[in-house]
Amino acid sequence: MVGQSPSRINDADLIREAQQGNKTAFEELVRQYDGAVLRLALHLTGSEQDAKDIYQDAFLKAYRNLGSFRFECSFYTWIYRIVTNLCLDHLRRRQVRKEDAPVLTDEHGEQYSLLDQVADERAGASPERDLMRREMGHRINRALSKLTPRERMVFEMKHYQGLKLRTIGEALNTTEETAKNTLFRATQKLRAVLADLR
Amino acid sequence: MNCDWVKDNVALYVYDELADDARHEVEQHAQRCPACADELKDMKRFHRRMSEMPVLEVTPNLLASARMELQEALEDAEQARGWHKFVFDPMSWLRAARFSPALAAVLLMVGFGAGVGTTYQLAKGGKVPAAAVERHQEAAIAGIRNITQDPGTNQVKIEYERTLPEHVQGPVEDPQIQQLLLMAARSNYNSGVRMDSIDLLKQKPDDGRVRESLIFSLRYDSNPGVRLKALEALTGEVKGDIRVRNAMLEALLNDNNAGVRTGALHALEQVRADTSVRQALQQLADEDPNQYIRQESRRVLASTPEID
């Protein structure tokens, strides 16, 4: 098949090879999960640069500590554990600085939000409708920024990444029950803040 | 099941985290209880609204650039194992200090002593040594990483990066030169430099790291000239290395530059009996927007013996 590896080696083999210092094997592992990792970081930080920094920190940390990986959980859970910790640190730092959604500056010195760059490509989209969606997006983003870092993380992993609560609990080093309670609190807060959105 | 239970679990219902029997009971309860029916309806509306929000998606460019930077960083990275564990690592000492009051106290005392000593030296000189300042001035500031202000004071901490121009000279096979060429091929912002580095690297296409780098350039470099250079350098390896062949096939089918696609087509001619190559050529013969590529694909296919 064009564009695919001639033989699909499983994670365990790749991890063992990478543990022996084979960087190509590690890069193959990275490629299996890096899209999801970058998406999670991008959603949570709202900044391409911050997302790339977290992505790089996560995989470098994974590479450096691969020797201590004992196959007690899947590589998927392990890398998610690393990346969620880095994202939580980032969200906590941002909360201390009381930042809202990140705003970038273009080459003319004008400020814009990255969310403004998200085009509505669905059929029937009109400029007015697009504007309304963007405004709604900003409101939702502000509501999300009011959650605690942990609530934000659980909501992101459940709503946007579609992960099961059991997996989320494993990634956050907690129980499924705690993840459930955190999701409940997050949805209650968001519903209260966005109650007038109909 | 009562109303409180439904209200506590309505989020799990819309996020598909309830067992089938519990889902069924929620639905049955909502049919009998208007308040819970409203709660369920409101939760479903919330879920829909949140799903309609425009979200940032990872573009192929962003992913490629993240991968490129990671590969560059990995070149210098070492795994923590063996004797590395016994090497003095100040950060791990600091991490350990978080959990060890005694060690933290010792480190504080050492730090205090060193600070007093340094202040004494500076005070004797009367000002900051000029050499240190000059070094700051020599190096251009590459970017500001972070700005923080100490709460309640006018003290601002600015973290920035500096770039210091240096040069190195040596034979092309020198390991340090090779390392720099590999780095230049992957990450230099100047496409001319990337091309020059590939020109030099292609002298050793059988070196594993060089080949990885050439494959990477063929797949991800934004400049078609660089991709073409990498493709030329890899042409001799198409027969012997399946990874090279796959990268060529990707270029043949997906590269947006007709020159690169043509180059890949000619490179793959030597393995035209390969099933994947034949399939790709058939696709190109039927669909490629470029007339020359369609004709060439048909020509190569016509000269390929059918294998049943």
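For clarity, every value in this text was computed on a predicted model and none was experimentally measured.

What counts and what doesn't
Residues numbered from 1 in each chain as written. Chains lettered and ligands numbered in written order. Predicted model: local features only at pLDDT ≥ 70, side-chain atom pairs only at ≥ 80, totals over all residues. Helix = DSSP H or I, 4+ residues; strand = E, 2+ residues; numbered from the N terminus. Buried ≥ 20, exposed ≤ 12 C-beta atoms within 10 Å, placed from the backbone. Contact = placed C-beta atoms within 7 Å. Pairing = 2+ DSSP bridges. Expected span 1.5 Å × (residues − 1). Arc of directions from axis to C-beta. Axes fitted to C-alpha atoms, helices over the stretch in contact; angles between N-to-C directions. Parallel < 35°, antiparallel > 145°, perpendicular 65-115°, else oblique. Left-handed = near helix turned anticlockwise from the far one by under 90°. Nonpolar A, V, L, I, M, F, W, Y, C, P; charged D, E, K, R; others polar. Core = buried A, V, L, I, M, F, W, Y, C linked by C-beta atoms within 7 Å. pLDDT = per-residue confidence, 0-100.

## Regarding the overall build of chain B
- When you go through chain B residue by residue, the secondary structure sums to 15 helices and 2 strands.
- The buried share of chain B, reckoned over its 308 residues, is 20%.
- Sequence-distant contacts in chain B: of pairs separated by 6 or more residues, those separated by 24 or more amount to 49%.

## Points about the overall build of chain A
- Looking only at helices and strands, one finds 8 helices and 2 strands in chain A.
- Its helices and strands in sequence order give chain A the pattern α-α-α-α-β-β-α-α-α-α, from N to C terminus.
- The burial tally for chain A puts 33% of its 198 residues in the buried class.
- Of the contacts made within chain A by residues no fewer than 6 positions apart, 59% connect residues no fewer than 24 positions apart.

## Digging into the pairing of strand S2 (residues 156-163) of chain B
All names here are of chain B.
- The buried fraction of S2 amounts to 0 of the 8 residues, a small share that puts the element mostly on the outside.
- Taken together, the 8 bridges between strand S1 (residues 140-149) and S2 define a ladder with antiparallel strand orientation. What sits directly across from Ile141, in S2, is Arg162.
- The turn linking S1 back onto S2 is made up of 6 residues, and Gly152 within it adopts a positive phi angle of 80°.

## A short note on the environment of Ala264(B)
All names here are of chain B.
- Residue position: Ala264 is located in helix H13 (residues 258-268).
- For Ala264, a count of 29 C-beta atoms within 10 Å corresponds to the buried category.
- Placed 30 residues apart in sequence, Ala264 and Leu234 show a C-alpha to C-alpha distance of 9.9 Å.

## Concerning helix H3 (residues 34-52) of chain B
All names here are of chain B.
- With 19 residues, H3 should cover 27 Å at 1.5 Å per step; its first-to-last C-alpha distance of 27 Å lies within 8% of that length.
- Among all positions in H3, only Cys36, Leu40 and Met50 are buried. Taken end-on, H3 shows its buried residues confined to a sector of 95°, consistent with a single buried face. In H3, the exposed residues that point more than 90 degrees away from the buried face are Pro34, Ala35, Asp38, Lys41 and Arg48.

## Brief notes about the packing of helix H4 (residues 75-96) of chain A against helix H6 (residues 149-160) of chain A
Residue and element names in this part refer to chain A.
- Remark: H4 packs on H6, axes separated minimally by 9 Å, with the N-to-C direction vectors making an angle of 135°. By the criterion of interaxial angle, the relationship of H4 to H6 is oblique. Every pair of crossing elements has a handedness; the one defined by H4 and H6 is right-handed. Residues Thr84, Cys87, Leu88, Leu91, Arg92 and Gln95 of H4 form the contact with H6, whose participating residues are Pro149, Arg150, Arg152 and Met153.
- Partitioned by chemical class, the residues of the contact of H4 with H6 number 5 nonpolar, 2 polar and 3 charged.

## Some remarks on helix H15 (residues 291-302) of chain B
Residue and element names in this part refer to chain B.
- Between its first and last C-alpha, H15 extends 17 Å over 12 residues, near the 16 Å set by a 1.5 Å rise per residue.
- Looking at H15, one finds that the buried residues are Ile293, Glu296 and Ser297. In an axial view of H15, the angular spread of the buried residues amounts to 105°, which keeps them on one side of the axis. Of the exposed residues in H15, the ones pointing more than 90 degrees away from its buried face are Gln291, Gln295 and Ala302.
- Check the buried side of H15 and you find it contacts H13 and helix H14 (275-287).

## A few points about the nonpolar core
- By size, the foremost hydrophobic cluster in this structure holds 53 residues, and its most contacted members are Ala41(A), Tyr55(A), Ala58(A) and Val83(A).
- The greatest single-element share of this core, amounting to 9 residues, is contributed by helix H2 (residues 23-45) of chain A.
- Once you skip the residues sitting within four places of it in the chain, Ala58(A) turns out to touch Val37(A), Ile79(A), Ile82(A), Val83(A) and Leu86(A).
- Formed by 34 residues, the second largest nonpolar core is a distinct cluster that contains Leu181(B), Ala267(B), Leu268(B) and Ala280(B).

## Regarding the confidence of the model for chain A
- Across chain A, the average pLDDT comes to 81, with 79% of residues at or above 70.
- Scored below 50 in pLDDT, residues 1-8 of chain A makes 9 contacts in the model with residues more than four places away or belonging to other chains.

## Points about unusual backbone geometry
- Although it is not a glycine, Phe71(A) sits at a positive phi angle of roughly 60°.
- Here Phe71(A) shows up in the loop between helix H3 (48-64) and H4.
- Residue Asp16(B) is not a glycine yet carries a positive backbone phi of 55°.
- For Asp16(B), a count of 10 C-beta atoms within 10 Å puts it in the exposed group.

## Here's the deal with the interface of chain B and chain A
- Tallying the contact residues gives 35 residues for chain B and 46 residues for chain A.
- The set of elements that each furnish at least two residues to the side of chain B that touches chain A consists of helix H1 (3-14), H3, helix H4 (60-76), helix H12 (242-254) and H14 of chain B.
- With 9 residues, the top contributor of residues to the side of chain B that touches chain A is H4(B).
- Of the residues in the side of chain B that touches chain A, the class split is 22 nonpolar, 5 polar and 8 charged.

## Brief notes about the confidence of the model for chain B
All names here are of chain B.
- When pLDDT is averaged along chain B, the result is 78, and 77% of the positions lie at 70 or above.
- H1 holds the highest mean pLDDT among the elements of chain B, 92, whereas helix H7 (residues 130-138) holds the lowest, 46.
- Counted against residues more than four places away or in other chains, residues 82-89, with its pLDDT under 50, gives 2 contacts.
- Across residues 95-100, where pLDDT falls below 50, the model places 4 contacts with residues more than four positions away in sequence or in other chains.
- If you check the scores for this complex, the pTM reads 0.52 and the ipTM reads 0.79.

## Things to note about the environment of Leu86(A)
Residue and element names in this part refer to chain A.
- Turning to its location among the elements, Leu86 is positioned in helix H4.
- Residue Leu86 is classed as partly exposed on the basis of its 19 C-beta neighbours within 10 Å.
- Contact partners of Leu86, with chain neighbours within four places excluded, come to Ile54, Asp57 and Ala58.

## Details of the environment of Arg94(A)
All names here are of chain A.
- Residue position: Arg94 is located in helix H4.
- You can call Arg94 buried: it has 20 C-beta atoms within 10 Å.
- Between the C-alpha atom of Arg94 and that of Ser145, which follows or precedes it by 51 residues, the distance is 9.7 Å.

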